[in-house]
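# Summary of the model geometry
If you want the building blocks of each chain, they are given just below.
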Amino acid sequence: MKKLIILSNSFINKRVRIMDIQTKTQTELIDITDSVRAAVKETGITDGICVISTRHSTGSIIINENESGLKKDILGMFENLVPENKSYAHNQIDNNAHAHLRAVLLGMSETVPVEDGHIVLGTWQRIFFVELDGPRRRSVNIKIVES
Ligand code: ZN
C-alpha cells in the first residue's frame, strides 16, 4: 500500500479537521480511514455523525474495500464508464472533462455514524479520497457532529 502523504492535519476547531494531502498519480484511491478515526477520537465525541467531504470538482470521497485487485477494477470501471480520450465540451477550456464526470458519479462526501467514540464501518469498509485529476495538493474536510 502506498504511504499517504499528509501535508498538514490541523483542527480548525474541535469538531472540524482539514487534512491536506499530496496525491501522486493522475487517478488513484487513497485510504484515509486511519486519519478519520484519529480525528473522531481526538474530539472525544462518543455519539453523532462524521461527514467526510472534499471541495474539489475532480476529486471524490467513497467507502469500499482496500484490496489491490478491487482498486484496479474501480480504476478500470472509471475508464469504461467515462473514457479519458473522448470528445467532451469541457475539454475546449480545460483538458479534464473525464475527471469532472467521474467525480459527478462518485459524489463529494460520505457520512458515517459515530457510536461509542468510533466511526461505524464494516470489517472490510475503508474510506478513500479518490484522485481523478492528479497529481495535486488536495484537502479533505472531516466534520464531527455530536448528537
Ligand atoms: Zn476542468
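Check the entry above for the structure.
Keep in mind it's a predicted model, so treat the numbers as computed, not measured.

## A look at the sheet that holds strand 3 (residues 28-31)
Each strand in a sheet pairs with another by means of backbone hydrogen bonds, the pair being arranged parallel or else antiparallel. Pairing is antiparallel in the open sheet, where 3 strands are placed in the order 3-8-5. Either end of the sheet is taken by a strand with one partner, and the two such strands are strand 3 and strand 5 (59-64). In this sheet, adjacent strand axes meet at a mean angle of 30° when their direction is disregarded.

## What to know about unusual backbone geometry
In this chain, Gly134 is followed by Pro135 through a cis amide linkage whose omega measures -5°. Topologically, Pro135 is positioned in the loop between strand 8 (126-131) and strand 9 (137-146). Positive phi, normally seen in glycine, also occurs at Asp116, with a value near 50°. Summarising the element assignment, Asp116 is placed in the loop between strand 6 (109-115) and strand 7 (118-119). Judged by C-beta crowding, with 7 C-beta atoms within 10 Å, Asp116 ranks as exposed.

## What to know about the nonpolar core
Within the largest apolar cluster, 23 residues are counted, with the highest numbers of intra-cluster contacts made by Ile32, Val36, Cys50 and Phe129. Secondary structure elements with two or more residues in this core: strand 2 (16-22), strand 3, helix 1 (33-43), strand 4 (47-54), helix 3 (97-106), strand 8 and strand 9. Broken down by element, this core gets its largest block of residues, 4 residues, from strand 8. Excluding its chain neighbours within four sequence positions, the residues that come into contact with Val36 are Cys50, Ile52, Ile119, Ile127 and Ile142.

## Comments concerning helix 2 (residues 68-81)
Residue pairs three or four apart in sequence face the same way in an α-helix, which turns once every 3.6 residues. In a regular helix each residue adds 1.5 Å, so 14 residues correspond to 20 Å; helix 2 covers 20 Å between its end C-alpha atoms and thus fits that length. Among the 14 residues in helix 2, 0 count as buried, and that is only a small part of the element.

## Here's the deal with the environment of Gly48
Looking at the element boundaries, Gly48 is found in strand 4. Residue Gly48 is classed as partly exposed on the basis of its C-beta count, with 16 C-beta atoms lying within 10 Å. Residues Gly48 and Ile119, spaced 71 residues apart in sequence, show a C-alpha to C-alpha distance of 9.1 Å. With near-sequence residues (within four places) excluded, Gly48 lies in contact with Val114, Ile144, Val145, Glu146 and Ser147.

Reading the values: rules and limits
- Residues numbered from 1 in each chain as written.
- Predicted model: local features only at pLDDT ≥ 70, side-chain atom pairs only at ≥ 80, totals over all residues.
- Pairing = 2+ DSSP bridges.
- Helix = DSSP H or I, 4+ residues; strand = E, 2+ residues; numbered from the N terminus.
- Axes fitted to C-alpha atoms, helices over the stretch in contact; angles between N-to-C directions.
- Buried ≥ 20, exposed ≤ 12 C-beta atoms within 10 Å, placed from the backbone.
- Core = buried A, V, L, I, M, F, W, Y, C linked by C-beta atoms within 7 Å.
- Contact = placed C-beta atoms within 7 Å.
- Expected span 1.5 Å × (residues − 1).

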